[in-house]
Amino acid sequence: MNLFLKGGEVASENTAPARADVWIENGRIKAVGADLAEPEGARVVDVSGKIVMPGMFDAHVHFREPGGEHKETILDGSEAAINGGITGVVMMPNTSPSIDSATVVKRVLDAAKECRIPVLTSGCITVGRKGHEMAGIDGMKKAGVLMLTDDGDAVPDAALLKRAMEYGSEFGMFFASHCEEPQLAGPRALNEGAVSYRLGIEGTPALAEEISMSRDLALAHATGATLHIQHVSTAIGMEQIKWWRDERGAKVSGEVSPHHLMFTDEDIGDYDTHYKMNPPLRTAEANVALLEGLKNGAFRIIATDHAPHTEFEKSRAFEDAPNGISGLDTALVSLFDRFIDKGEFGWDLIVKRYSAEPRRMMELEVAEVAEGKIVDLIVFDPNGETTFTKEFMKSKSSNTPFLNKTLKGSVEMVVLGDEVLLER
Amino acid sequence: MARKDFLDIVSLDREEIIQLLDQAEPFKDLFTRSVKKVPALKGKTVLMLFYEPSTRTLSSFEVAAKRLSADVTTFDVPSSSVTKGESVRDTIDTLQAMRADYIVVRHGLSGQPAAIARQTGASVINAGDGAHAHPTQALLDAFTLREKFPEMEGKRVLITGDILHSRVARSTSTILRKLGVKVAFLGPGSLVPKTASPEIPRFTNYDQAIREFGPDAVYLLRIQKERMAAPFFPSDREYHNLYGITDERLRQLAGQGTYIMHPGPINRGVELCDAVLDYDRCLISQQVENGIAARMSVLYGLKPQTS
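Source: prediction; values computed, not measured. (Residues numbered from 1 in each chain as written. Chains lettered and ligands numbered in written order. Predicted model: local features only at pLDDT ≥ 70, side-chain atom pairs only at ≥ 80, totals over all residues. Heavy atoms only, no water.)

Undergrad: Please clarify how the overall build of chain B should be interpreted in this entry.
TA: Tallying secondary structure elements over chain B gives eleven helices and nine strands in all. In terms of overall dimensions, chain B is globule-like: its C-alpha atoms have a radius of gyration of 19 Å, near the 19 Å expected for 307 residues. When the backbone C-alpha atoms are referred to their principal axes, chain B occupies close to 55 × 45 × 35 Å. A total of 307 residues make up chain B; the buried ones form 57% of that total. Of all intrachain contacts in chain B linking residues separated by at least 6 positions in sequence, the fraction that spans at least 24 positions is 73%. Taken as a whole, chain B presents about 13,300 Å² of accessible surface, with 48% of it coming from carbon and sulfur. Positive and negative side-chain charges in chain B, numbering 39 and 36 respectively, have mean positions lying 2 Å apart. (Helix = DSSP H or I, 4+ residues; strand = E, 2+ residues; numbered from the N terminus. Rg over C-alpha atoms; globule rule 2.2 N^0.38 Å. Buried < 20%, exposed > 50% of the residue type's maximum accessible area, 1.4 Å probe, protein only. Contact = heavy atoms within 4.5 Å. Areas by Shrake-Rupley, 256 points an atom, 1.4 Å probe, with all protein chains shown as cover. Lys, Arg positive; Asp, Glu negative; His and termini not counted. Charge placed at Lys NZ, Arg CZ, Asp CG, Glu CD.)

Undergrad: When you look at the packing of aromatic side chains in this model, what are you seeing that I'm missing?
TA: For any two aromatic rings, the description comes down to two numbers: the centre-to-centre distance and the angle of the planes. Across all of its chains, the model carries 16 aromatic pairs over all chains by this definition. Consider the rings of Phe233(B) and Tyr239(B), whose centres lie 5.3 Å apart with planes at 40°: the pair is tilted. Each member of the pair, Phe233(B) as well as Tyr239(B), is classed as buried. Members of the aromatic cluster, joined through ring pairs, are Phe263(A), Tyr275(A), Phe388(A), Phe392(A) and Phe402(A). Residue placement shows Arg281(B) over the ring face of Tyr259(B); its charged tip is 4.8 Å from the ring centre. (Phe/Tyr/Trp six-rings, centres within 6.5 Å; stacked < 30°, edge-to-face > 60°. Lys NZ or Arg CZ within 6 Å of the ring centre and 35° of its normal.)

Undergrad: Any chance you could explain the pattern of salt bridges here in plain terms?
TA: It is possible for side chains of opposite charge to pair when their charged atoms get near one another. All names here are of chain A. On inspection of all chains with the given rule, the structure shows 35 salt bridges over all chains. Lys373 is the partner of Glu365 in a salt bridge, and the nearest nitrogen-oxygen pair spans 3.6 Å. Judged by relative accessible area, Lys373 falls into the partly exposed class, the value being 22%. Residues joined by salt bridges that share partners form a network here, namely Glu13, Arg300, Glu357 and Arg360. (Salt bridge = Lys/Arg side-chain N within 4 Å of Asp/Glu carboxyl O.)

Undergrad: How do you make sense of the interface of chain A and chain B when you look at a structure like this?
TA: By a widely used convention, the size of an interface equals the accessible area lost when the partners come together. Tallying the contact residues gives 16 residues for chain A and 18 residues for chain B. For the pair chain A and chain B, the two sides together bury roughly 1,400 Å², of which 56% comes from carbon and sulfur. Our count for the chain A to chain B interface comes out at zero salt bridges. In this assembly, chain A and chain B are joined by seven residue pairs in polar contact (both at pLDDT 80 or more). Contributing elements (two or more residues each) for the side of chain A that touches chain B: helix H6 (194–199) and helix H11 (311–314) of chain A. A per-element tally of the side of chain A that touches chain B places H6(A) first, with four residues. (Buried area = accessible area lost by both parts, 1.4 Å probe. Polar contact = N/O pair within 3.5 Å; in protein donor to acceptor, adjacent residues only side chain to side chain.)

Undergrad: Just checking my understanding: could you explain unusual backbone geometry for this structure?
TA: Most peptide bonds adopt trans geometry, and most residues besides glycine take a negative phi value. All names here are of chain A. Between Ser96 and the following residue, Pro97, the backbone shows a cis peptide bond with an omega angle of 5°. By the secondary structure assignment, Pro97 is in the loop between strand E7 (86–91) and helix H2 (102–112). Cis peptide bonds are those with omega within 30 degrees of zero, and the linkage from Asn278 to Pro279 qualifies with -5°. Its place among the elements puts Pro279 in the loop between helix H9 (258–262) and helix H10 (284–296). Even without a glycine there, the phi angle at Arg188 is positive, about 60°.

Take a look at the structure:
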């Protein structure tokens, strides 16, 4: 393949987008620069006015294979990622059976070979995510797992988590925590506050996350383990990560999901399950605090917590409907529509927090639009728009608040190695 | 324009509420006649779908529907396909095929009646969902209070007990406030959420509530057995001492001419002592009687979208 992307704005994690042509040949970037001569024999694509940047990387996705293929297979999920400009993902292990052994890891990574982008997986901390015994860490490591998490639940036994951190860290593994004190969390349907009172459903207080997080951060500090806090939804939670990292030198980081930056529990309205996820949507003040944290570096990465569920499952009564929203198709466009287009932050932040840092966290080579690099890039049209119809979405499930809504921005092209994965 | 469903009080405006109350009056007059029936719903089918056990509300709806000459069927949930794992959505499809015109739903999950209402053309009446709403209870409470205070504006009702888990507290406080009645909440700190409403005064001390709020009626909520097991407060005895209507408190309320209301079923020795039942300003029996008239008014006022 010989491709010449002409007249675009090339974005990186450290600089604002700058005008440059990009010449791609045989899976590598041959040259990047302003006003390059059009190479002979190359297919020229005019991308003027569009952003050319590295592919995104999502370190928190729930593909439902094995066990929940009616919601999403690994292949469906990877295609949803491509549709959203994402060229690599890390699966969470709460499948059925759980990804808690070398056998299941191999089964999952085998299925992932069909995909057109790298699909990695995390592994469980405890067998079956039940919180009783340690999962087979050595075997999972050898099968290719780097991140250990019981995502979906906190590890209830602090002593077990401490020992797992002491044990697993020796294998070069890092830990990721879903922080939630189970007794306080209750039925886990929505935030505790005026909305939970109005709807008559027991809420999950912010406290459930804050307390659990403080335990896990202290454990990481004490054991020297590397700990990543998943889907932070509270300002106090975020402040704790910063404090342990900056004041105590703990090897800890945090992630924020697009929906926790954009929506509040008020959006639930009259029991709209498209706004039901765990951790729950909180308040407008939390939105502001988390956005500020994303800008000032409190969060290392953005991740969707992509959680597909069928229309039927989501049509149940609010308390009975499963938690989670589908996010891969919509993440980048929604972040552009809500924040970049409104001047809240620049493209450099997105590249850093949704492409470079998650790859560093997973010890992968960082994708860059730079001479000599392997091609891993997307073209984004800030003047385009996207309507998230069921047909548009490649996820098998369309449980998103953006369903049938039109947002500014459009992922126009995804190129990985020697292959154009998407071109609109 | 007539509504299809009756799901909560929040979405009703003052005029609609007053119309429902006015409409209930002639139905109540009917009860003293030898023939207590009108043919308003003749040929219509009313289906009772109670996912939670209920005797009072279920019978009240049955009597109300029968006095309107409707055909009434009770879907026996505990021995039905529901216990075999059928989803609510699939059950409703089945009931749709039976062409019910009205479905009266009680469910343990908040919002379930609204979800059913979206699925069916039948009129759905919420007979209580989770801790969310119990709108016909609210209507009968307002009706009962209006009988005593035809000018309700400015009257004061102190709702006492487990506000946190009570759908009655939510719906009754809402309807009363829409009618200009002042409402306050009283109960243990663990059961009166601070997030409830900034406009509703919150008390955790009985004497202070009576002194400062000066209620015209005290509305007692049932303390549910399962709450006594969960540690929301130390014991039912302590609850009775702190918040229950004891003989002494009853004498004080009688001296002030304060009415007592309760949605039932009551727990003697917990939220009230035996003597309350003989108190001449205890409105519990009137509430039950008015419940039938209020529910007739609701059924009569709805417009099913069934052919």
